[in-house]
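Structure at a glance
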Amino acid sequence: MSRAPLVSIIINNGNYGAFLGQAIESALAQTYRNSEVIVVDDGSSDNSREVIASYGGRIVPVLKVNGGQASAFNAGFPISRGEVVIFLDSDDMLLPTAVERALTGFKGRDTAKVHWPMWEIDEAGRRTGRRVPSQPLAEGNMRGVVIRDGPASYVSPPGSGNAWSRRVLEEILPMPEPQFKGAADTYLFALAGIFGSIGRIAEPQGHYRVHGRNNTMKPLDSRIDLFLERYGHRCLALSNHLRAQGVTVEPDVWLENNAYYGWMRRLHAATQEIAGLVPAGSSFILVDEAQWGETETLTGRHTIPFLEREGRYWGLPPNSSTAVGELERLRAAGAAFMVFAWPAFWWLDYYSGLRSHLYATARCVLKSEHVVVFDL
């Protein structure tokens, strides 16, 4: 890598005109000056193209018909010239030092990418105090781990928290567009570890915006379906690229051995069973100790955590009497079912008073390896 390499910041946008200007401004405000900003608009129908036009020659616009995030990455990369490339989502922002700090992590040609955590912000741009991800990021040579454990075997930040070596991107792009239409970054994450080492910047260098159109805000069952589908595509892509390097690992090996994939498959079965019993428009109490998420919902159904305060998980009941009282409060408020997920099956033994009350006042309509469901 040259002493002052050109860095390309490629902003991918699809109908995020409300946020796009902030993303562009953050890219233009970098303390490292040898950079170019490319904005790929993926067929937006809002004011995005007016926002892009307002920057004139300060950015390089790429205007295309709608095809999804993967197609935006594929369209933007050939236009870029940088030795290092950052794909910035248009609802996110970089801190001014992001590029400068990222370049310190490139230790030579072997570095595949450098990544950093991000500060979470709300729709209005206010920091929530959370870092994304909350776990420490991976660092170093991850090739052996990826070959053994598959494409989701180390912790990475969201897509905007990564700077990529052009060398690596030239090996793996263009990416398959139908399979990664809305999840281009997961394709890159799946493959980076077999093309070089991972560099890490410890301090957050960007803002990750959480708002109503994030995938993370979709109902639980929708996100499960997306994960299972996309993980299969990632396994296949990784297997194909390893085979080209002379290493043969069948995708099924990772599908069978990945604990998180197994958890998600079980979760998928559980949500399917719930959807088959709880009518759309109904509310149900979910006893899962927040292991499915603190405020999860299923499509068309309202989920109430238990114990509950102001719609959020409150913790374990101290005794059966408290549990029964809270159940009756929620039943009076309209809860139609109570669902015990497998991580909380022990409740039905430990809180014997709650169990007796349920069997006396409700009907157990399902008892499977995933859930126990009572019609209240």
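All values reported here derive from a predicted model rather than from experimental measurement. (Residues numbered from 1 in each chain as written. Predicted model: local features only at pLDDT ≥ 70, side-chain atom pairs only at ≥ 80, totals over all residues. Heavy atoms only, no water.)

**Examining the sheet that holds strand S1 (residues 7-13)**
Selection criterion: We call two strands paired when DSSP finds no fewer than two bridges between them. Helix and strand assignments come from DSSP, with helices taken as H or I runs of at least 4 residues and strands as E runs of at least 2, each series counted from the N terminus. Note on geometry: axes are lines fitted to C-alpha atoms, helical ones only across the stretch in contact, with angles between N-to-C directions running from 0 to 180 degrees. Contacts between residues were defined by any pair of non-hydrogen atoms, one from each residue, lying within 4.5 Å.
Within the open sheet, the seven strands sit side by side as S3-S2-S1-S4-S9-S6-S10. Their pairing is mixed. Strands with a single pairing partner mark the edges of an open sheet, and in this sheet they are strand S3 (60-64) and strand S10 (197-200). This sheet shows a mean twist of 20° between the axes of neighbouring strands, independent of strand direction. Where S1 and strand S2 (residues 35-42) come together, seven bridges link them in parallel fashion. Paired with Asn 12 across the two strands is Val 40, which belongs to S2. Against the sheet, helix H1 (residues 17-28) engages S1, S2 and strand S4 (84-89), with an angle of about 175° to S1. Sheet strands touched by helix H7 (residues 184-192): S4, strand S6 (111-115), strand S9 (162-165) and S10. Its angle to S9, the strand with the most contacts, is close to 60°.

**Some details on empty space enclosed by the protein**
Let me state the cut-off plainly: The way it works is a 1 Å grid over only the protein atoms, where trapped points that fit a 1.4 Å probe form a cavity and open points with protein on both sides within 12 Å along at least five of seven lines form a pocket, and then any residue with an atom within 4 Å of a point lines it. Grid points are joined across faces, edges and corners, and a volume is the space filled by probe spheres set on the points.
For the structure on display, the rule yields two cavities of 30 Å³ or more. Taken as a whole, the second largest cavity holds about 40 Å³ of empty space. Every residue along the wall of the second largest cavity is listed here: Phe 73, Phe 87, Asp 89, Gly 159, Asn 162, Trp 164, Asp 185, Leu 188 and Phe 189. Those elements that provide at least two residues to the lining of the second largest cavity are S4, S9 and H7.

**Digging into the sheet that holds strand S7 (residues 118-121)**
The mixed open sheet is built from four strands, whose spatial order is S5-S11-S7-S8. Sheet topology places strand S5 (93-94) and strand S8 (127-132) at the edges, where each strand pairs with a single neighbour. Bridging between S7 and strand S11 (residues 206-209) involves three bridges; their strand directions are parallel. Residue pairing for S11: Glu 120 is matched across the bridge by Tyr 208.

**Focus: the pattern of salt bridges**
Side-chain pairs of opposite charge can arise where the charged atoms are in close proximity. Spelled out, the test is: In what follows, salt bridge is the name for a side-chain nitrogen of Lys or Arg lying within 4 Å of a carboxyl oxygen of Asp or Glu. For every residue, the accessible area obtained with a 1.4 Å probe (protein chains only) is divided by the maximum for its type, and the residue is called buried under 20%, exposed over 50%, and partly exposed between those limits.
One pass over the structure, following the stated rule, counts 15 salt bridges. The shortest N-O distance in the salt bridge between Arg 130 and Glu 120 comes to 2.7 Å. Taken together, the residues Arg 130 in strand S8 and Glu 120 in strand S7 connect sequence positions 10 residues apart. Note that Arg 148 and Asp 149 form a salt bridge whose closest N and O atoms lie 2.7 Å from each other. Owing to a relative accessible area of 56%, Arg 148 belongs among the exposed residues under this scheme.

**Looking at the nonpolar core**
How we decide: What we call a nonpolar core is a set of buried Ala, Val, Leu, Ile, Met, Phe, Trp, Tyr and Cys residues that are connected through their side-chain atoms within 4.5 Å.
Within the largest apolar cluster, 60 residues are counted, with the highest numbers of intra-cluster contacts made by Phe 87, Leu 173, Met 175, Tyr 187, Leu 188 and Trp 292. The leading source of residues in this core is helix H8 (residues 220-244), at nine residues. Beyond its immediate sequence surroundings of up to four residues, Trp 292 is in contact with Leu 220, Trp 263, Leu 267, Ala 270, Ile 274, Leu 286, Ala 341, Trp 342, Pro 343 and Val 371. Counting 32 residues, the second largest nonpolar core, distinct from the first, contains Val 7, Val 37, Tyr 55 and Tyr 208.

**Considering a nonpolar patch on the surface**
To be explicit about the condition: Patch definition: residues with relative accessible area over 30% and no salt bridge; like charges joined within 9 Å; nonpolar side chains (Val, Leu, Ile, Met, Phe, Trp, Tyr) joined within 5 Å. For the accessible areas, the method is Shrake-Rupley and the probe is 1.4 Å, while residue cover comes only from the protein chains on display.
A contiguous nonpolar surface patch, about 330 Å² in accessible area, is contributed by Leu 316, Trp 346 and Tyr 350. With respect to the helices, strands and loops of the structure, Trp 346 is situated in the loop between strand S16 (337-341) and helix H12 (347-350). For Trp 346, a relative accessible area of 34% corresponds to the partly exposed category.

**Describing the pairing of S9**
Residues of S9 alternate between two faces, with Asn 162 and Trp 164 on one and Ala 163 and Ser 165 on the opposite face, all of them buried. Pairing of S4 with S9 involves two bridges; the strand directions are antiparallel. If you follow Val 85 over to S9, its bridge partner there is Trp 164. As defined by bridge partners, S6 adjoins S9 across three bridges and the pair is classed as antiparallel. Bridge pairing in S9 links His 115 to Asn 162.

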